[in-house]
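# Notes for the structure review
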Amino acid sequence: MFGMEAFALGLAVYVVVSAILIAVGAWILHAVLRSAIRKALIDVNEHERRVARGG
């Protein structure tokens, strides 16, 4: 019986740790993508300003 309980506990720990790692990875990916999108938008705005000035 102890083997089954240990398996269930191990599975529960695995699921919790996996969920935490997925959440952290998603948060990091979100931050990276957000900064990349912001930089791309700033680059586009600079380009449009340069074109509007005739440069």
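Data block above holds the structure.
Summarised in this report is the structure supplied together with it. (Residues numbered from 1 in each chain as written. Predicted model: local features only at pLDDT ≥ 70, side-chain atom pairs only at ≥ 80, totals over all residues. Heavy atoms only, no water.)

This part takes up the overall build of the protein. If you tally the helices and strands in the protein, you get 1 helix and 0 strands. The C-alpha atoms of the protein give 24 Å as radius of gyration, which overshoots the globular expectation for 55 residues (10 Å, by more than 25%). For the protein, the residues scored as buried account for 0% of the 55 residues in total. If you sum the accessible surface of the protein, you get close to 5,100 Å²; carbon and sulfur atoms cover 75% of it. Of note, the protein has its 6 positive side-chain charges centred 13 Å away from the centre of its 4 negative side-chain charges. (Helix = DSSP H or I, 4+ residues; strand = E, 2+ residues; numbered from the N terminus. Rg over C-alpha atoms; globule rule 2.2 N^0.38 Å. Buried < 20%, exposed > 50% of the residue type's maximum accessible area, 1.4 Å probe, protein only. Areas by Shrake-Rupley, 256 points an atom, 1.4 Å probe, with all protein chains shown as cover. Lys, Arg positive; Asp, Glu negative; His and termini not counted. Charge placed at Lys NZ, Arg CZ, Asp CG, Glu CD.)

Together, V16, I20, V24, W27, I28 and V32 give the surface a local cluster of nonpolar side chains, amounting to about 600 Å² of exposed area. By secondary structure assignment, the location of W27 is in helix 1 (residues 2-53). (Patch = residues over 30% accessible without salt bridge, like charges linked within 9 Å, V, L, I, M, F, W, Y side chains within 5 Å. Salt bridge = Lys/Arg side-chain N within 4 Å of Asp/Glu carboxyl O.)

What follows concerns helix 1. Its 52 residues give helix 1 an end-to-end C-alpha distance of 76 Å, which sits within 8% of 76 Å, the value for a rise of 1.5 Å per residue. Of the residues flanking the end of helix 1, it is G54, one or two places downstream, whose phi is positive at about 90 degrees. (Expected span 1.5 Å × (residues − 1).)

Next up on the list: the pattern of salt bridges. Under the definition given, this model contains 2 salt bridges. Where K39 meets D43, a salt bridge forms, and the shortest distance between an N and an O atom there is 3.1 Å. Of this pair, K39 and D43 are both found in helix 1, 4 residues apart, which corresponds to roughly one turn of the helix. According to the relative accessible area criterion, D43 is partly exposed, its value standing at 42%. Where E46 meets R49, a salt bridge forms, and the shortest distance between an N and an O atom there is 2.9 Å. Of this pair, E46 and R49 both sit in helix 1, separated by 3 residues, roughly a single helical turn. Taking relative accessible area as the criterion, E46 reaches 35% and is therefore assigned partly exposed.

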